[in-house]
Amino acid sequence: MIAQDSIEALKTRLDIVDVVSNYIELRKAGANFKAPCPFHDENSPSFVVSPAKQIYHCFGCGVTGNPISFVMEYEKLNYPEAIEKLASDYNFSLEYTKGAQKKTDTRLMEKVNDWYKTLLDSNSTALNYLKERGVFESSIEKFGIGYAPASQQTITYIKSHMFDIKEAIDLGVLGQGENNIYARFIERITFPIQAPNGSMVGFGGRTITGHQAKYVNSPQTKIFNKSRLLYAYNHAKDSIYKHKEVIVTEGYLDVIMLHQAGFTNAVATLGTALTAEHLPLIRKGEPKIIMAYDGDNAGLNAAIKAAKLVSAAGMDGGVVIFGDGLDPADMVKILKKKN
């Protein structure tokens, strides 16, 4: 069981507005915040969040509660599961009554990522690819870029470090077929994906050996939902809050190259279009939203759809169009050569 004093310590870390706004869009209404209730259908907002009282209440359906009960209801979790979910989100280590500290969900993933980073140092093909794309060594370190080897090597590494194979599957590091277990990232440059608080929740991978899928992401897990995450938001959030502007791109390398060029407020969606589920995160700090998608037809169409979504949500922003089918990473590299 989770120690009660550990639960109480976690509660002091939680802010009702911050917790709820990770799931739904909240708008200021005097001293409180309002939104359409997520627990019943309604047209006009009757769901109120009070930062002073640290509670929420819906004047339509009558539901009320605190940060923990909100996560329980929204995620359909029991009390211990909600506590562990919030502890993971807020990078808080829970204590258990047996006296031992339970491994956090991210420990296995972070250990594998550290190993992937060491493998990149000795892989000339991967390093040359990053160099050709214009990625600095400092960016490799900043963004924790690594290299995933052949499938069996990852499996052997996990077993040799006494990690649980089932946990690795649950976290999306490994996959399970009908007759075998396999690594989800094979012969790919890896990009660790973090939650807004910096805790690791998944991987992105770019093939350098011709796999059919150029990019892959972790599958959806209990801590990874690509429709609610933005790559590098943990690196960009301070700049976003400071400059009141966020640049939304389509890819990892777009973000990395833009950060190198000084645009440290750049983030990326994870192989998906910008969705309504992204809006609560992207709205934080009330920034202007700049769509900087690829210059091909697919990128332009995605940018237009994203701009319509942002506009419908009452957010300010615009679209940057790149010519000749180029993407933001290409543009930064070209401008660097010219200068």
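Criteria and cut-off values
- Residues numbered from 1 in each chain as written.
- Predicted model: local features only at pLDDT ≥ 70, side-chain atom pairs only at ≥ 80, totals over all residues.
- Heavy atoms only, no water.
- Helix = DSSP H or I, 4+ residues; strand = E, 2+ residues; numbered from the N terminus.
- Rg over C-alpha atoms; globule rule 2.2 N^0.38 Å.
- Buried < 20%, exposed > 50% of the residue type's maximum accessible area, 1.4 Å probe, protein only.
- Contact = heavy atoms within 4.5 Å.
- Areas by Shrake-Rupley, 256 points an atom, 1.4 Å probe, with all protein chains shown as cover.
- Lys, Arg positive; Asp, Glu negative; His and termini not counted.
- Charge placed at Lys NZ, Arg CZ, Asp CG, Glu CD.
- Phe/Tyr/Trp six-rings, centres within 6.5 Å; stacked < 30°, edge-to-face > 60°.
- Lys NZ or Arg CZ within 6 Å of the ring centre and 35° of its normal.
- Pairing = 2+ DSSP bridges.
- Right-handed = clockwise from strand over helix to strand, strands pointing away.

Student: What should I look at first to understand the overall build of the chain in this one?
Tutor: Across its full length, the chain holds 14 helices and 15 strands. Against the globule reference of 20 Å for 339 residues, the chain gives a C-alpha radius of gyration of 21 Å, in line with a compact fold. On the principal axes, the C-alpha backbone points of the chain span a range of 60 × 50 × 35 Å. Going through the 339 residues of the chain one by one, you find that 47% of them count as buried. For the chain, the share of sequence-separated contacts (at least 6 apart) that also reach a separation of at least 24 residues comes to 62%. As displayed, the chain offers around 16700 Å² of accessible surface, 50% of which is attributable to carbon and sulfur atoms. Once the 38 positive and 37 negative side-chain charges of the chain are each reduced to a mean point, those two points are 2 Å apart.

Student: Would you explain the environment of Val310 in this entry?
Tutor: Counting through the fold element by element, Val310 comes out in helix α13 (residues 297–312). Look at Val310 and you get buried, because its relative accessible area is 2%. Residues Val310 and Ile289 lie 21 residues apart in sequence; the distance between their C-alpha atoms is 7.8 Å.

Student: Mind showing me how you'd approach the packing of aromatic side chains here?
Tutor: Aromatic rings in a pair are described by how distant their centres are and how their planes are angled relative to each other. Under the counting rule described, the total for this entry stands at 17 aromatic pairs. Ring centres of Tyr215 and Tyr252 lie 5.9 Å apart, and the angle between their planes is 50°; on these two criteria the pair is classed as tilted. Remark: Tyr252 occurs in helix α11 (residues 252–260) and Tyr215 occurs in strand β11 (residues 215–217); sequence separation between them is 37 residues. A relative accessible area of 6% places Tyr252 in the buried class. Judged by centre distance (4.8 Å) and plane angle (85°), the rings of Tyr231 and Tyr252 are edge-to-face. Of this pair, Tyr231 sits in the loop between β11 and α10 (233–243) while Tyr252 sits in helix α11; the two residues are 21 residues apart in sequence, bridging distant segments of the chain. Of the two residues examined, Tyr231 and Tyr252, each falls in the buried class. Chaining the aromatic ring pairs together yields one cluster made of Tyr23, Phe39, Phe47, Tyr56, Phe70 and Tyr74. The ring centre of Phe33 lies 5.2 Å from the NZ or CZ of Lys28, which sits over that ring.

Student: Would you take a moment to explain the pairing of strand β3 (residues 47–50) for this structure?
Tutor: Remember that side chains alternate between the two faces of the sheet whenever the strand is regular. Covered by surrounding structure in β3 are Phe47 and Val49 together with Val48 and Ser50, the residues of both alternating faces. As defined by bridge partners, strand β2 (residues 32–35) adjoins β3 across three bridges and the pair is classed as antiparallel. By the bridge assignment for β3, Ala35 is matched with Phe47. Sheet topology note: the β3/strand β4 (residues 55–58) ladder contains four bridges and is antiparallel. Each bridged residue has a counterpart across the sheet, and for Val49 the counterpart in β4 is Tyr56.

Student: Would you explain the pairing of strand β12 (residues 245–249) in this entry?
Tutor: In terms of burial, β12 is a largely internal element, four of the five residues being buried. Across four bridges, the pairing between β12 and strand β14 (residues 288–291) is parallel. Within β14, the position partnered with Val248 by the bridge is Met291. In the sheet, β12 pairs with strand β13 (residues 266–268) via three bridges, with the strands oriented parallel. Opposite Val248, over in β13, you have Val267 as the bridge partner. Taking the sense of rotation as the criterion, the β-α-β connection linking β12, α11 and β13 turns out right-handed.

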